[in-house]
Amino acid sequence: MSPVIFSGIQPTGRKHLGNYIGAITQYVAGQDRGDPAIYCIVDLHATTVAYDPAELRDRVHDTTAVLLAAGLDPERCILFRQGDVAEHTELCWLLTSVTALGELNRMHQFREKSSAQRELISAGLLLYPVLQAADVLAYRAHEVPVGEDQREHLELMRNIAERFNGRFGEGTLVVPEHRIPPVGARVRDLQEPERKMSTTGGSEQGTVYLLDDPATIRRKFKRAVTDSDDPPVLRRSDDKAGVTNLIEILAAVRGVAPSFVEAELAGARGYGDLKAAVGDAVVDELAPLQDRYRQLRAQEQALEDVLAAGAGKARAIAAATLADVREAMGVGPPQPPPTG
Ligand code: AQP
């Protein structure tokens, strides 16, 4: 049986190589395995931190164009905007009844992002993982392709689904599995390789954006932090986070095993060769995406049409789940008995 695949992605104009390797390439591959493969641009999640309302729709269009340019095909997947399908927010509320406050308080993302908020720590930031659970559970998804940073939220989502089923009716919700890629699940910041590459938390020079021009990409890799050992050791190891990161990026982008890259680098003169190789490979990988992005981004109405068609398909699935959830919880009028 083909799995139902679901994943969500934040609307920003600055998607980076971590998003691409950890998530977007998996989305594209999922189109041929998922039945259906469903991808959602999570504008409601974006409102949980400070943001500019005048820009949010543009950022949704930016992300839509990036995903289409990377290879998502609206004929082979469902691509939509979270805010277009009200079932997500209703299910979020219903799931709060089986979510422990203590669990939400312990989430790393909440702790990190709340400490960065200056004026207001929104309740939305605390509830973020519950809305994320609703996103996935509304489609009874089996698989959720994500990067390593989402492992904790996925575990919480599984707890929520299990608790819901235990309390209100076994089999009502599907308990999903995460799908974290074997290589590239945690792409690291090129300047601070102890941290993940990140939209908000990383360094500008250490973050490779998908829309960076070729010279910028090559420069960022050239300046990447590696190691000072002499002679250089072009191998992955726990105490060589920067070198390991570059080897894994090169392997992920070329679609080969990291050990293959290490074997190839056996004759290299130094870290400079590795930096040049990974810079070239990333530029080659992103060039066609960038060309397609520019064409697609100019056609705003076409992007809206894709999102609207996707929302129609998504709503039909989510509404059926919500009807079962309401029925199980005793919310609203009783469902009519099945006919026939
Ligand atoms: N460094 C990363 N390596 C691998 N995968 C990553 N992801 C994020 N960073 C890395 C995965 O990308 C998907 C989309 O993430 P998102 O919707 O959270 O997008 P974002 O907020 O723009 O990404 P960031 O960088 O994670 O933002 P910050 O750090 O600001 O919160 C997810 O599947 C994620 O795992």
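Residues numbered from 1 in each chain as written. Predicted model: local features only at pLDDT ≥ 70, side-chain atom pairs only at ≥ 80, totals over all residues. Heavy atoms only, no water.

A. Local environment of the nonpolar core. Counting residues in each nonpolar core, the largest one holds 51 residues, and the members touching the most others are Leu-17, Tyr-20, Leu-79, Phe-221, Ile-249 and Val-282. Elements with a contribution of two residues or more to this core: strand E1 (5-9), helix H1 (17-30), strand E2 (37-41), helix H3 (53-70), helix H9 (214-222), helix H10 (241-254), helix H12 (271-297) and helix H13 (300-329). Top element by residues in this core is H12. It accounts for nine residues. Two domains share this core, each providing at least three of its residues, namely domain 1 (5-179 + 300-329) and domain 2 (214-294). Residues Val-85, Cys-92, Leu-94 and Ala-318 belong to the second largest nonpolar core, which totals 45 residues. (Core = buried A, V, L, I, M, F, W, Y, C linked by side-chain atoms within 4.5 Å. Buried < 20%, exposed > 50% of the residue type's maximum accessible area, 1.4 Å probe, protein only. Helix = DSSP H or I, 4+ residues; strand = E, 2+ residues; numbered from the N terminus. Domains from an automatic or database assignment.)

B. Spotlight on the site of the ligand. Neighbouring the ligand are 22 residues; Lys-113, Asp-149, Lys-196, Ser-198 and Thr-200 lie closest to it. The contact in question runs from a nitrogen atom of the ligand to an N or O atom on the backbone of Gly-18, over 3.1 Å. Within the side chain of Lys-113, one N or O atom sits 2.6 Å away from an oxygen atom of the ligand. Calculation on the ligand without its partners gives an accessible area of 650 Å², and the protein chains cover 95% of this total. Here the shell around the ligand takes four residues from H1, the largest share from any one element. Of the residues in the shell around the ligand, the class split is six nonpolar, eleven polar and five charged. (Near = heavy atom within 4 Å. Polar contact = N/O pair within 3.5 Å; in protein donor to acceptor, adjacent residues only side chain to side chain. Areas by Shrake-Rupley, 256 points an atom, 1.4 Å probe, with all protein chains shown as cover. Nonpolar A, V, L, I, M, F, W, Y, C, P; charged D, E, K, R; others polar.)

C. Looking closely at the pairing of E1. Among the five residues of E1, four are classified as buried, and the element is accordingly described as predominantly covered. Of the strand pairs in this sheet, E1 and E2 are connected by five bridges, and their pairing is parallel. Across the sheet, the residue bridging to Gly-8 is Cys-40, located in E2. Running through H1, the crossover from E1 to the neighbouring parallel element E2 is right-handed. (Pairing = 2+ DSSP bridges. Right-handed = clockwise from strand over helix to strand, strands pointing away.)

D. View of H10. Counted at 1.5 Å a residue, the expected span for H10 with its 14 residues is 20 Å, and the 20 Å between its end C-alpha atoms agrees. Burial of H10 is extensive: ten of the 14 residues sit out of reach of the surface. Those residues of H10 not exposed but buried are Gly-242, Val-243, Thr-244, Asn-245, Leu-246, Ile-247, Ile-249, Leu-250, Ala-251 and Val-253. Elements in contact with the buried residues of H10: H1, H9, helix H11 (258-264) and H12. (Expected span 1.5 Å × (residues − 1). Contact = heavy atoms within 4.5 Å.)

E. Just the pattern of salt bridges, in detail. Taken as a whole and assessed by the stated rule, the structure comprises 29 salt bridges. With its nearest N and O atoms 2.6 Å apart, the salt bridge here joins Glu-90 to Arg-326. On the criterion of sequence distance, the pair formed by Glu-90 in helix H4 (residues 87-95) and Arg-326 in helix H13 is long-range, its members being 236 residues apart. Assessed through its relative accessible area of 29%, Glu-90 is described here as partly exposed. Under the relative-accessibility criterion, Arg-326 is labelled partly exposed at 30%. Here the residues in one salt-bridge network are Glu-55, Asp-58, Arg-59, Asp-62, Arg-297 and Glu-300, joined through shared partners. (Salt bridge = Lys/Arg side-chain N within 4 Å of Asp/Glu carboxyl O.)

F. Up close: unusual backbone geometry. Backbone torsion omega between Asp-35 and Pro-36 reads -5°, so that peptide bond is classified as cis. By the secondary structure assignment, Pro-36 is in the loop between H1 and E2. Even without a glycine there, the phi angle at Arg-140 is positive, about 50°. Assignment of secondary structure puts Arg-140 in the loop between helix H7 (123-137) and strand E4 (143-145). By relative accessible area, Arg-140 is classed as partly exposed at 22%.

G. Up close: the domain arrangement of the protein. Taken domain by domain, the protein consists of domain 1 (5-179 + 300-329) and domain 2 (214-294). Of note, the centres of domain 1 and domain 2, computed from C-alpha atoms alone, are 31 Å apart. Contact residues are listed per partner, giving eight residues for domain 1 and ten residues for domain 2. Buried area between domain 1 and domain 2, summed over both chains or domains, comes out near 780 Å², and the portion from carbon and sulfur atoms is 75%. Of all residues in domain 1, Leu-17, Tyr-20 and Ala-69 give up the largest surface area on contact with domain 2, accounting jointly for 59% of the area buried on that side. (Buried area = accessible area lost by both parts, 1.4 Å probe.)

H. View of the environment of Ala-224. Mapped onto the elements of the fold, Ala-224 is located in the loop between H9 and H10. Overall, Ala-224 belongs to the buried group, its relative accessible area being 4%. For Ala-224 and Leu-246, which are 22 residues apart along the polypeptide, the C-alpha to C-alpha distance reads 8.6 Å. Once you skip the residues sitting within four places of it in the chain, Ala-224 turns out to touch Leu-190, Gln-191, Leu-246 and Lys-275.

I. View of the side chain of Asp-43. Inspection of the secondary structure puts Asp-43 in helix H2 (residues 43-46). Buried charged residue Asp-43 carries no salt bridge. Nearest counter-charge: Arg-81, at 4.5 Å. When residues no more than four places from it in sequence are discounted, the contact partners of Asp-43 are Pro-11, Leu-56, Val-60, Arg-81, Gln-82 and Gly-83. (Lys, Arg positive; Asp, Glu negative; His and termini not counted.)

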